[in-house]
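# A closer look at the structure
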Amino acid sequence: MLKNRSLAFKYSFYILLCVVIVTTAIFVRNHFATRQMMLANIEENARNLCEATAFKIDQTFVIAAAQANEMGTFMENVSPSDEEIRKLMINYLAQSNEHIFGAAIAFEPFRFSPDRKYYSPYVYRDGREIKFMYLGNDNYVYHLMDWYQIPKELQLPVWSEPYFDQGGGNVIMTTYSSPFYRIRDGKKIFEGVVTNDISLSRLQRLVASVKLYNSGYGYLISRHGRIISHPNVSLIMNHTIFSVAEEFHRPELKSLGKRMVNGEYGFIPYHSETLGRNCWLYFMPLKSNGWSLAIVIPEDELFSGLYKLNRITILISSIGLLILLIVIILVTYKVTRPLKALTSATEEIGKGNFHQRLPAPKGKDEIGILSSAFNSMQQALKDHVETLKRTTAEKEKIESELKIAREIQMSIIPKFFPPFPDRSEFNVFAILESAKAVGGDLYDFFFLDDDRLCFAIGDVSGKGVPASLFMAVTQTLLKATAEKTLSAGAIVTRINRALSKDNEMSMFVTYFLGIINIRNGEMEFCNAGHNPPFVMRLNGSIEKIKKLHGPPMGIIETGVYESDHMLLQPGEGIILYTDGVTEAMNNRNQLYGEEKLLELLASQHDEKAKALVETILGSVRVHAGGVEQSDDITILALRYYGLGGSDQNNI
Amino acid sequence: MKTFKITVLIAAAIVLVPFCPAEITSPLANKELKAVTLACQWQPQAQFAGFYLAQEKGFYRRCGLEVNIIHADTTCSNTAMLRDNKAQFVTMFLASAIKFNSNEIPIVNIAQLFQHSSLLIVGRKTEIKNVRDLNNRRVGIWYSDFEDIPLQFLADNTYNSKVLMINSGINMFLFGGVDALTVTIYNEFHSLIMAGINPDELTVFRMSENDLDVPEDGIYCRRDYFEQNPQLCLDFAQASLEGWKYAAQHPDEALDLVEKMCKEYHLPWAKTHQKWMLNEVLKLIFPPDSELISGVLNRGGYYRALELLRSSGKIRNETRYVDFYRGNH
């Protein structure tokens, strides 16, 4: 993706990516750590607030309960008259706190007096007045009312579920009912209940005043989930937390409600329909009556400080990143500008324009060094190309000279075949393949007189021009030295002497010289350190002429070379070769070898000179298999047919 | 599926129970409306939605009636209103009506609304798993209208339950004052759910499934009043039924009216509760079984109630079905 983008882009991209990743990681970690810390802090705050509020509410209930219990104890121990009870109760309410709305002492049927089925004196507030009445008649059988029956059955004081006051007003009340007993015939007998009616208005206001942050609020539910105080007034008394769950399809409220009515404590995430926001909720039970108080804190307000901090952090980070981006772009531009100039200059140089000016190196940074290096390189290239031009010109000159030298060299060896078209007693064929333009191998044949054919093969040490010159000298010396009267050994001795004289280069040449009388097949020969030639006999055998008459020529000036004689029968032949044949190598570094040559010769028994030479050369080529020729290859074949001559062409 | 069944039955009911004939209503439209009072047996709630709709939609006025709807409460019962002529029409439990007819003033049923018993006895599953578990337990039963059938159930199925008479409500049960409680499927059963008790936490005994399927709410008037104003009474009954049919077809409209009434009476309003109630009440009025005809008191149900009350010695004399039920057949 970034492969083809500029360096500046890649730089900016990777650096910014790293910075963004690191910044984001720090940001996220910070955010959650701070959030967790704040939550713990808020939970603490909410708990404190909730506990303080619950404490105030509980206090109201505890005092009211204590007062009722006191009255119950009084009724257990004293049996006051109706009139006394009336006075006591009016007095009681007058001295009580305002939120105690009313109080009753309700007796079991016929227990206060045998003629009264219903006896339940009741004092209550009517505005600023305190009124007194008797509860109970056949239409209001208080013995069957919850406030009477529940404490009676449970034998425990009970705070009733909240209810609207009988006056049809909007005052929500709860009643504390405490059973009282008397000992009759040694038995504890249930006598009735004393009640305190509490107006919940003050407690509602208390809960409504609960505030945490801007719009946090509190709510209060009864022991069975009835909503008593809530900022959404339409829920109060109409709903329980469970019916809200059902009506507004919020099943999570059901489990919350269960926890609340079970008297649990908790701090949980919560969605407030009232605020239409995600909030946190702390809830705890009231100790006095098992009601549950909850405090709702909007999450956005809770974390507003954090969010603000986040916004600032993001802003600063963004600006930082922007500055970083600009700096990176500027720096990379500054860095890459000379590079670009260098690039275009280099391209020009690449096209061959060596005089293109490179931008001057500035400073000693990597780019400056690179620029200097390019400058040096350009100079070196320029010089090199100049040198190359010169040497190429020289080389071309040498090559053309070498070409001429080769032509000259070739001109001093016989190369027109058949050389003696009118002679049928023998045929001769030779080939010289130089490894380089000019070579150090040589061969020659010529008639010394009418009957005697002189032939020679040689291999100069070394290669190239020196060897070729030495070869030319050798070849010329042969021509100059060969005389009718001289034996092969004498000729070789003379040539050797001439070559050895002032041979400062210490070059030498292996040499085989043969003189054959084509009338009778008598052959005189001298071998100066050359590869032994092969004689192909009539019976099909190949004979190796092992005899050596001395070291190669050019080494020992005073050396004297003898000659030997042998006879060739008509139909027999002699094969001369240089070591370029037997030492030809293939790609497995295997030499062609003498044995292979012998085998080949054995199979070519009847071939004429030209075919023989070409077969051997072909076999050597096949063996080399394309490996470059490292040495000159020279082969000379002479086939003797005698005076009868050959039936065919005399090659 | 349930809704579909109810709709079908309502359609059937519309065909079976013809509405006030046009020739009767049109002359009356010019006359003065006759003022009558209906006393519902309890505070405003969806249990009476059909009446509110009959009034609101002008079904009563079309029959020449100006109906004033009042409600009984703990201090003033519907029977007292009938006795004192404060109301011409009342809604009443069949069992209560038979007792009242036998023991106090002769009354007639002019339309039967609830075709089945809505009463259940419920207990917490942790304590009450089957009917035998009611032995030696405190069972709360509301006195007046609701006691006969549950008491019979206890007599039939248990030997040693402690019965506690309760004025009303579910607090005795919630606070643990009783171990089991009679409730109606349409009201208190849902109140228990609203108090955080899941239906699956309760063991439920349905009176309707225990050979005690006695019809409940019906419309009653004094026999003498009926004899003097038979057509008026039947018109009133039919217009009321029309209101109920309308309620079944337009439950949201019905609930809006109930809300209005609840607020007028400063009663708690939770739509979810009244919706439940309306749904259950409609199932009782338009029961999804074909044998019973909406609006008509089932003869078998009547005699079953009579037998129960006679055997428990609650009534002194018996009225024949034809004399007791004077509504349309």
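Structural data are supplied above this passage.
So, here's what we can say about the structure. (Residues numbered from 1 in each chain as written. Chains lettered and ligands numbered in written order. Predicted model: local features only at pLDDT ≥ 70, side-chain atom pairs only at ≥ 80, totals over all residues.)

It is worth spelling out the overall build of chain A at this point. Helix and strand counts for chain A stand at 14 helices and 22 strands. Among the 651 residues that make up chain A, the fraction classed as buried is 36%. By sequence separation, contacts in chain A at least 24 residues apart represent 63% of the contacts at least 6 residues apart. (Helix = DSSP H or I, 4+ residues; strand = E, 2+ residues; numbered from the N terminus. Buried ≥ 20, exposed ≤ 12 C-beta atoms within 10 Å, placed from the backbone. Contact = placed C-beta atoms within 7 Å.)

Residue and element names in this part refer to chain A. Here helix H14 (residues 609-624) spans 23 Å end to end across 16 residues, near enough to the 22 Å set by a 1.5 Å rise per residue. Of all the residues in H14, the buried ones are Ala609, Leu612, Val613, Ile616 and Val620. Relative to the axis of H14, the buried residues are bounded by an arc of 95 degrees and lie together on one face. Projecting away from the buried face of H14 at angles above 90 degrees are the exposed residues Gly618 and Val622. Elements that come into contact with the buried residues of H14 comprise strand E13 (426-433), strand E21 (573-577), helix H12 (579-582), helix H13 (594-603) and strand E22 (633-640). Among the residues trailing H14, Gly625 stands out with phi positive, at a value near 55 degrees. (Expected span 1.5 Å × (residues − 1). Arc of directions from axis to C-beta.)

Another aspect to go through is the sheet that holds strand E2 (residues 65-71) of chain B. Residues and elements named next belong to chain B. An order of E2-E1-E3-E10-E4 is seen for the 5 strands of this open sheet, with the pairing classed as mixed. Where the open sheet ends on each side, the last strands, each with one partner, are E2 and strand E4 (107-112). Across the sheet, the axes of successive neighbouring strands diverge by a mean angle of 30 degrees, strand direction being ignored. Where strand E3 (residues 89-92) meets strand E10 (residues 218-222), 4 bridges bridge the pair, whose relative direction is antiparallel. The residue of E10 that forms the bridge with Val90 is Tyr220. (Pairing = 2+ DSSP bridges. Axes fitted to C-alpha atoms, helices over the stretch in contact; angles between N-to-C directions.)

Here we come to the sheet that holds E13 of chain A. All names here are of chain A. Judged by pairing direction, the sheet is antiparallel, and its 5 strands sit side by side in the order E13-E22-E21-E18-E19 without closing on themselves. Of all strands in the sheet, those bounded by a partner on one side alone are E13 and strand E19 (542-544). Taken over all neighbouring pairs, the strand axes of this sheet differ in orientation by 15 degrees on average, direction set aside. Taken together, the 3 bridges between strand E18 (residues 534-536) and E21 define a ladder with antiparallel strand orientation. Counted as the bridge partner of Phe534 is Ile575 from E21. Its contacts with the sheet place H14 against E13, E21 and E22, and it is angled at close to 150 degrees to E22.

What follows covers unusual backbone geometry. All names here are of chain A. Put simply, Phe417 and Pro418 share a cis peptide bond, and its omega is -10 degrees. Here the phi dihedral of Met237 falls at roughly 70 degrees; this positive angle occurs in a residue that is not glycine. Mapping Met237 onto the fold places it in the loop between strand E9 (227-229) and helix H5 (241-247). Here the phi dihedral of Asp502 falls at roughly 50 degrees; this positive angle occurs in a residue that is not glycine. Within the secondary structure, Asp502 is located in the loop between helix H11 (488-500) and strand E16 (509-517).

Now for the nonpolar core. Judged by nonpolar contacts, the single largest core of 184 residues is most densely connected at Ile295 of chain A together with Ala49 of chain B. Among the elements that make up this core, the one with the highest residue count is helix H1 (residues 7-77) of chain A (10 residues). Discounting residues that sit within four places of it in the chain, Ala49 of chain B has contacts with Ala247, Ala254, Leu257, Val258 and Leu278 of chain B. One finds Leu442, Phe470, Met507 and Phe512 of chain A within the second-largest nonpolar core, a separate group that totals 65 residues. (Core = buried A, V, L, I, M, F, W, Y, C linked by C-beta atoms within 7 Å.)

Residue position: Lys271 of chain B is located in helix H13 (residues 271-285). Note: C-alpha distance between Lys271 of chain B and Glu259 of chain B (12 residues apart in sequence) is 7.7 Å. Contact partners of Lys271 of chain B, with chain neighbours within four places excluded, come to Glu247 of chain A together with Leu255 of chain B.

Glancing now at the interface of chain B and chain A. On the chain A side, the residues contacting the 25 residues of chain B number 27 residues. Elements represented by at least two residues in the side of chain B that touches chain A include exactly strand E7 (162-166), helix H8 (171-174), helix H9 (188-194) and H13 of chain B. Taken together, the residues of the side of chain B that touches chain A break down into 13 nonpolar, 11 polar and 1 charged. (Nonpolar A, V, L, I, M, F, W, Y, C, P; charged D, E, K, R; others polar.)

Once that is clear, we can look at the pairing of E21 of chain A. Residues and elements named next belong to chain A. The element E21 is extensively covered by neighbouring structure, given that 5 of its 5 residues are classed as buried. With 5 bridges connecting them, E21 and E22 associate as antiparallel partners. Paired with Tyr577 across the strands is Ile635, a residue of E22.

Moving on: helix H6 (residues 94-103) of chain B. In terms of burial, H6 of chain B is largely enclosed, as 9 of its 10 residues are buried. If you check which residues of H6 of chain B are buried, you get Leu94, Ala95, Ser96, Ala97, Ile98, Lys99, Phe100, Asn101 and Ser102 of chain B.

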